[in-house]
Amino acid sequence: MALSKNALPQPTDYYEGRGLTLKGPKNAVWKITRCEFHGGTNTMSIHTLSGGFHCWNCPASGGDVVDYEMLIDGVSFEEAARRLSAWTGGGDAPKRHKPKRLSARDALLLIANEATLIAIEGSRLGRGITLTASDLELVRKASGRINYALGAI
Ligand SMILES: [Zn+2]
């Protein structure tokens, strides 16, 4: 009949249940993990409140855990909702709208997280520490995410 949003698993539980490790500051709303779609390490951002996800190296993105379940397993909206124990009955699936753009608040949080990462790496440089290739890659991606956030509000 319909998706019962309240019955959906908490995004953190859902993604960790899939074997993903969500990385980032404890209170960060956006976490980083590997992308199951193309196999990239630390390329997937997960919004821990909405369940939204966005890979920075492939087209995988969506607004919640239902979108993720549909995309990762190639199942219908109704099947995804059933798998997540969030389908309340029979009938036709409601029409899905496109995932929302970032709210200004979420964009600011994302920018704050990424700016912190860049500041930490800048501070290390200032202390004469040579950044590794993976450090530089993190900075490059953080910069990309800031630009994404600016374009998504
Ligand atoms: Zn990806």
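To keep things clear, this report deals only with the structure shown in the data block. Predicted model only: the values in this text are computed from it and were never measured. (Residues numbered from 1 in each chain as written. Predicted model: local features only at pLDDT ≥ 70, side-chain atom pairs only at ≥ 80, totals over all residues. Heavy atoms only, no water.)

**Structural notes on unusual backbone geometry**
Negative phi is the rule for most residues except glycine; trans is the rule for most peptide bonds. To keep things clear, this is the line we draw: Helix and strand definitions here come from DSSP, where helices need a minimum of 4 consecutive H or I residues and strands a minimum of 2 consecutive E residues; each element is numbered from the N-terminal end.
The phi dihedral of Asn-42 is positive, around 55°, even though this residue is not glycine. The residue Asn-42 is located in the loop between strand 1 (30-33) and strand 2 (44-47) in this model. Phi at Ser-85 is positive, roughly 55°, even though this residue is not glycine. If you trace the backbone, Ser-85 turns up in the loop between helix 3 (77-83) and helix 4 (104-126).

**Some thoughts on the coordination of the zinc ion**
Operational definition: Sites may look incomplete because water is not among the atoms; the donors themselves are N, O and S atoms within 2.8 Å of the metal, or within 3.2 Å for Na, K and Ca. Think of it this way: with four donors and all angles in the 85 to 135 degree range, the site is tetrahedral; with four or six donors, opposite ones beyond 155 degrees and the rest between 65 and 115, it is square planar or octahedral; otherwise it is irregular. A 1.4 Å probe rolled over the protein chains alone gives each residue an accessible area, and that area as a share of the maximum for its type sets the label: buried under 20%, exposed over 50%, partly exposed in between.
Distances from the zinc ion to its protein donors, namely Cys-35 (SG), His-38 (ND1), Cys-55 (SG) and Cys-58 (SG), fall within the range 2.0 to 2.3 Å. Note that the zinc ion binds four donor atoms; their angles at the metal cover 101 to 117°, and the shape is tetrahedral. Using a relative accessible area of 2% as the deciding quantity, one classes Cys-55 as buried. Take Cys-58: its relative accessible area is 18%, and that puts it in the buried class.

**A look at helix 4**
Rules: Take the residue count of a helix, subtract one, and multiply by 1.5 Å to get its expected span.
A rise of 1.5 Å per residue sets the reference length of helix 4, with its 23 residues, at 33 Å; its end C-alpha atoms lie 32 Å apart and thus fit the reference within 8%. Burial in helix 4 covers these residues: Asp-106, Ala-107, Leu-110, Glu-114 and Glu-121. One or two residues past the end of helix 4 sits Gly-128, with phi positive at roughly 85°.

**Details of the packing of aromatic side chains**
So the rule is basically this: Between the rings of Phe, Tyr and Trp (Trp by its six-membered ring), a pair exists once the centres lie within 6.5 Å; its type follows the angle of the planes, with under 30 degrees stacked, over 60 edge-to-face, and the other angles tilted.
For the coordinates displayed, the defined rule picks out seven aromatic pairs. Put simply, the rings of Tyr-14, Tyr-15, Phe-37, Phe-53 and Tyr-68 pair up and form one aromatic cluster.

Remember that the coordinates give geometry; whether it matters functionally is a separate question.
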